[in-house]
Amino acid sequence: MVLLALVLVTISFRESESGGLHSAQDAGATVLHPFQVGIERVVRPFRDLAGYVDGLIAAKAENARLRRDLAVAQQEAIQNRTAFEQNRALRAITKYHAPPSYPDDYAPVPAAISAYSAAQFEQQVVVAAGKNAGVRRDDPVLDQSGYLVGRITRVSSRSARVALLTDESSAVSAQALRRDARGLVRPGRAGTGALLLDYVRKSSELRTGDRIVTAGSQRGQLPSDYPRGIPIGRVTDVSQSDTDLYKTVQVEPFADVDSLESVIVLVTRRGKR
Amino acid sequence: MLVAIALLRGAVIGAAAAFFAGLLVDTATLGTLGVSSLLLTIVAYWVGRYGETTGRDRTHAPLLSVVAATVAFTLGAFGLHVMLGDGVSARLVFFESLLPAVLLNTLAATPVFALTSRLLGREDGARAPRGVKLAG
């Protein structure tokens with residue numbers, strides 16, 4: 001059995017996603033899907049209870065912070081609306097051909113979390129939507145509030161695996177809103193849920209509180225999997241030293257990846273990104 | 001439950017159950033097929049051998065086995081993921097993941113073992129030592 005398991009690991013690891021073993025696994029996942037949903041429903045109340053207690057502890061501080069954020073957001077919403085209308089008018093005048101933009105060119109596919117990774121330290125989850133719902137590999141995944149939580153790494157017919165932003169394999173090209181600062185968002189110190197904005201030039205201006213969104217670069221041989229403008233998080237600390245090539249920027253993600261109940265997979269309406 | 005099966009039914013049946021349980025887990029989570037099977041098979045076989053030999057009729061055997069199995073599975077999964085080239089944080093494994101997993105599994109150990117014992121019943125033959133020769 002140990003030998004058989006080793007053979008399975010080897011084949012599963014080396015074989016392409018269209019291979020026989022992966023196809024069999026996909027078929028198995030489809031068969032197991034109803035059971036997964038059932039088990040998740042049984043486990044959900046216990047997870048909710050833990051989340052409720054955790055939420056109560058942090059509620060007071062969070063309430064004060066959210067009130068401050070709301071005041072700022074209300075001002076910005078008015079400014080953004082004006083800029084949006086101006087932008088739309090200018091695009092019409094110049095007949096500007098834009099790449100797929102978020103959210104207009106993407107269809108949301110809501111999906112419940114149906115399973116968590118077997119090894120607790122893996123920051124990956126399984127969602128109950130797959131090829132049948134139009135989900136494809138590398139599709140961006142958001143939480144219910146529209147904040148980025150990860151991307152699809154594997155798809156079967158009725159489920160898909162999501163690598164969360166805090167997974168060691170995650171990397172998202174990102175930029176600061178209203179500032180000339182670009183970089184790569186990667187997981188920060190493990191277990192903290194924080195992110196790092198890496199490769200930010202020292203000449204870039206960036207401050208605590210700045211919001212980070214996906215850069216969505218469509219240029220070059222490796223265009224980004226993410227459309228431009230999906231909110232990722234807020235800068236909590238910026239530092240630099242003489243010896244480092246880049247700034248050290250810490251980012252607190254907007255999405256709470258530890259208490260996800262359901263997600264939204266963004267499926268492009270224009271075919272290939 | 002796998003630990004309970006291995007303790008109650010012996011190493012071979014425990015390992016077989018663990019192998020298929022691992023296959024189910026990897027299939028359901030769309031993970032690398034065989035990883036959970038490999039780890040669970042080894043852990044369940046060890047627990048089964050412990051149950052057949054030194055752990056026989058010891059009341060603390062289920063708790064001790066669950067703690068040891070959880071630690072072995074977590075560390076084994078970490079090692080295997082590192083070898084497969086997956087990005088895994090050692091800090092997350094040792095300080096964030098291991099302790100909650102041990103606590104949760106230890107809490108669940110006694111009721112799950114009791115439930116499994118009731119479901120499977122005791123089988124004296126399976127609990128007899130196999131391949132162990134006592135001196136004296």
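It should be noted that the structure appears before, not after, this text.
Residues numbered from 1 in each chain as written. Chains lettered and ligands numbered in written order. Predicted model: local features only at pLDDT ≥ 70, side-chain atom pairs only at ≥ 80, totals over all residues. Heavy atoms only, no water.

Peer 1: Outline the overall build of chain A, listing residues and values.
Peer 2: Within chain A, the regular secondary structure consists of 2 helices and 12 strands. Secondary structure elements of chain A, listed N to C terminal, follow the sequence α-α-β-β-β-β-β-β-β-β-β-β-β-β. In terms of principal-axis extent, the alpha carbons of chain A reach across some 60 × 50 × 40 Å. Taken across its 273 residues, chain A has 38% of its residues classed as buried. Long-range pairs, those at least 24 residues apart, make up 59% of the contacts in chain A between residues at least 6 apart in sequence. Taken as a whole, chain A presents about 15700 Å² of accessible surface, with 55% of it coming from carbon and sulfur. Averaging the positions of the 36 positive and the 30 negative side-chain charges in chain A gives two centres separated by 6 Å. (Helix = DSSP H or I, 4+ residues; strand = E, 2+ residues; numbered from the N terminus. Buried < 20%, exposed > 50% of the residue type's maximum accessible area, 1.4 Å probe, protein only. Contact = heavy atoms within 4.5 Å. Areas by Shrake-Rupley, 256 points an atom, 1.4 Å probe, with all protein chains shown as cover. Lys, Arg positive; Asp, Glu negative; His and termini not counted. Charge placed at Lys NZ, Arg CZ, Asp CG, Glu CD.)

Peer 1: Describe the pattern of salt bridges, with residues and values.
Peer 2: Any two side chains of opposite charge can pair, given that their charged atoms come close. All names here are of chain A. Enumeration according to the criterion identifies 11 salt bridges over all chains in this entry. A salt bridge links Asp-69 to Arg-234; its shortest N-O distance comes to 3.3 Å. Taken together, the positions of Asp-69 in helix H2 (residues 20–94) and Arg-234 in strand E10 (residues 231–239) put the pair 165 residues apart, joining distant regions of the chain. One salt-bridge network, in which partners are shared between bridges, spans Arg-65, Asp-69 and Arg-234. (Salt bridge = Lys/Arg side-chain N within 4 Å of Asp/Glu carboxyl O.)

Peer 1: So, the nonpolar core: which residues are in play, and what are the values?
Peer 2: In terms of nonpolar packing, the biggest core is built from 33 residues, with Phe-121 of chain A together with Val-3, Leu-7, Val-35, Leu-39 and Val-47 of chain B touching the most fellow members. Every element with two or more residues in this core is listed here: helix H1 (2–14) of chain A together with helix H1 (2–9), helix H2 (11–28), helix H3 (35–52), helix H4 (61–83) and helix H5 (90–120) of chain B. The dominant element in this core, judged by the number of residues it contributes, is H3 of chain B, at 8 residues. If near-sequence neighbours (up to four positions away) are discounted, Val-3 of chain B is found in contact with Val-47, Pro-62, Ser-65, Val-66 and Ala-69 of chain B. Grouped together as the second largest cluster of nonpolar side chains are 22 residues, Val-185, Leu-197, Val-200 and Ile-212 of chain A included. (Core = buried A, V, L, I, M, F, W, Y, C linked by side-chain atoms within 4.5 Å.)

Peer 1: Before we move on, could you go through unusual backbone geometry and cite the residues and values that matter?
Peer 2: Phi angles above zero are rare outside glycine, and Tyr-199 of chain A is one such case at about 60°. You can see Tyr-199 of chain A is positioned in strand E8 (residues 195–201). Here Tyr-199 of chain A falls in the partly exposed class, since its relative accessible area comes to 42%. A positive phi is found at Leu-30 of chain B, a non-glycine position, where the angle reads about 55°. One can find Leu-30 of chain B in the loop between H2 and H3. Judged by relative accessible area, which is 1%, Leu-30 of chain B ranks as buried.

Limitation: the analysis is restricted to geometry and does not speak to function.
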